[in-house]
Amino acid sequence: MAEGGDRAEQTPPPRPLDSIDRDILRILQTDGRASIRSVAERVHVSRANAYARINRLIDDGVIRGFSARVNHERAGQGASAYITLKIVQNSWRTVREQLQALPGAAHIALVSGDFDVLLLVHTSDNRTLRELVLTRLQSIPEVLSTRTLLVFEETDLDPGPGPSPGTALGPASAPDAEPL
């Protein structure tokens, strides 16, 4: 499903990515500020080819945007939680719109299992988190129940330089790896 859910008819059908496309994605996931020249050099194509490939990946919806990884605690958002929600059947689109408007909402996923929605939020403190859950979330008519899981510590996983398909595994095969 295309991001936003309602744009599927506007997004071209997925096409297979080749090893150069996957390498470009890995580079941009690691450093979204990498220059076209740098990307082109690292994947061994011309700048025009790298530029065209990146634009195609954007146009095809593979690359959804560029962003900064934030240390939420340092940014004044010291309380984080995953909140599970059970919602009224067939109310996903309505609930999603309301969740997107919540202050501090960072990630929303429709999931299978014991609950329907997984929501990640970052707030300034526990009082604000409590207010968000008890007042904002539980006042949404389609939300049947919530469960809050406090995050004590979190670590973002960097995509890092990984081996391309078909290459030997291990640090020595990564393009930027230092010898052991």
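Residue numbering note: each chain is counted from 1, following its sequence as written. Local features are withheld for residues below a pLDDT of 70 in this predicted model, meaning they are given only at 70 or higher, and side-chain atom pairs are given and counted only at 80 or more; totals for whole chains, interfaces and linings count all residues. Side-chain measures here rest on the full set of heavy atoms in the structure, leaving out hydrogens and waters.

A.B. asks: Pulling in residues and values, what's your account of the nonpolar core?
C.D. replies: Counting residues in hydrophobic clusters, the biggest one holds 17 residues, and the most contacted among them are Ile83, Leu85, Leu99, Leu119 and Leu137. Under the scheme used here, helices are H or I runs from DSSP no shorter than 4 residues and strands are E runs no shorter than 2 residues, and both carry numbers assigned from the N terminus. Going through the elements one at a time, β1 (79–87), α4 (92–100), β3 (117–123) and α5 (126–137) are the ones with two or more residues in this core. Nonpolar cores are built from buried Ala, Val, Leu, Ile, Met, Phe, Trp, Tyr and Cys residues. Side-chain atoms within 4.5 Å join them into one set. Burial classes follow relative accessibility: with a 1.4 Å probe on protein chains only, a residue under 20% of its type's maximum area counts as buried, one over 50% as exposed, and anything between as partly exposed. Listed in part, the 13 residues of the second largest apolar core include Ile24, Val43, Val45 and Ile54.

A.B. asks: Kindly report on the sheet that holds β1, identifying the contributing residues and their values.
C.D. replies: Strand order in the open sheet formed by four strands is β2-β3-β1-β4, and the pairing between neighbours is antiparallel. Of all strands in the sheet, those with a lone pairing partner are β2 (105–110) and β4 (143–151), marking the two edges. When strand polarity is set aside, the average angle formed by the axes of neighbouring strands in this sheet is 20 degrees. As paired strands, β2 and β3 are joined by five bridges and run antiparallel to one another. When the bridges of β3 are listed, Ala105 appears paired with Val121. Its contacts with the sheet place α4 against β1, β2 and β3, and it is angled at close to 170 degrees to β2. We call two residues contacting when some pair of their heavy atoms lies within 4.5 Å. Geometry is summarised by axes, namely lines fitted to C-alpha atoms with helices restricted to the contacting stretch, and by angles between N-to-C directions that run from 0 to 180 degrees. Taken strand by strand, α5 contacts β1, β3 and β4, and its axis lies near 15 degrees from that of β1. Pairing between strands requires that DSSP locate at least two bridges from one strand to the other.

A.B. asks: How would you explain the pairing of β3 if you had to name every residue and give the values?
C.D. replies: Counting buried residues in β3 gives six out of seven residues, a clear majority hidden from the surface. Both β1 and β3 contribute to a ladder of seven bridges, which runs antiparallel. Paired with Ala81 across the strands is Val121, a residue of β3. Hairpin connection of β2 to β3: six residues between the antiparallel strands, including Gly113 at a positive phi of 120 degrees.

A.B. asks: Which residues make up the side chain of Thr84, and what values do they have?
C.D. replies: Note that Thr84 resides in strand β1. Residues in contact with Thr84, not counting those within four places in the same chain, are Phe115, Val117, Leu118, Ser145, Thr146 and Arg147.

A.B. asks: Describe the confidence of the model for the protein, with residues and values.
C.D. replies: The predicted coordinates should not be examined in detail at positions where pLDDT is low. Per-residue confidence from the predictor is reported as pLDDT, which spans 0 to 100. On average, residues of the protein score 84 in pLDDT, and 81% of them are at 70 or above. For the stretch residues 1–8, pLDDT sits under 50, and the model shows eight contacts to residues farther than four places along the chain or on other chains. Note that pLDDT drops below 50 for residues 163–180; the model gives that stretch twelve contacts with residues more than four away or on any other chain.

A.B. asks: Describe the pattern of salt bridges, naming the residues involved and giving the relevant values.
C.D. replies: The salt bridge criterion pairs a side-chain nitrogen of Lys or Arg with a carboxyl oxygen of Asp or Glu, the two atoms within 4 Å. One pass over the structure, following the stated rule, counts seven salt bridges. We note a salt bridge from Asp60 to Arg56, for which the minimum N-O separation is 3.7 Å. For Asp60, a relative accessible area of 14% gives the class buried.

A.B. asks: Go over the packing of helix α1 (residues 19–30) against helix α2 (residues 36–43) with me, naming the residues and quoting the values.
C.D. replies: Between α1 and α2, whose axes approach to 10 Å, the crossing angle comes to 135 degrees. As far as their axial angle goes, α2 and α1 are oblique. Judged by the twist between their axes, the crossing of α1 over α2 is right-handed. Between α1, through Ile20, Asp23, Ile24, Arg26, Ile27 and Leu28, and α2, the contact on the second element is made entirely by Val39, Arg42 and Val43. Here the word oblique covers every angle except those under 35 degrees (roughly parallel), over 145 (roughly antiparallel) and from 65 to 115 (roughly perpendicular). Two helices crossing with the near one rotated counterclockwise from the far one by less than a right angle form a left-handed crossing, whereas a clockwise rotation gives a right-handed crossing.

A.B. asks: Kindly report on unusual backbone geometry, identifying the contributing residues and their values.
C.D. replies: A positive phi is found at His44, a non-glycine position, where the angle reads about 65 degrees. The topology assignment puts His44 in the loop between α2 and α3 (47–59). Despite not being glycine, Asn90 shows a phi value in the positive range, around 65 degrees. By the secondary structure assignment, Asn90 is in the loop between β1 and α4. For Asn90, a relative accessible area of 78% translates into the label exposed.

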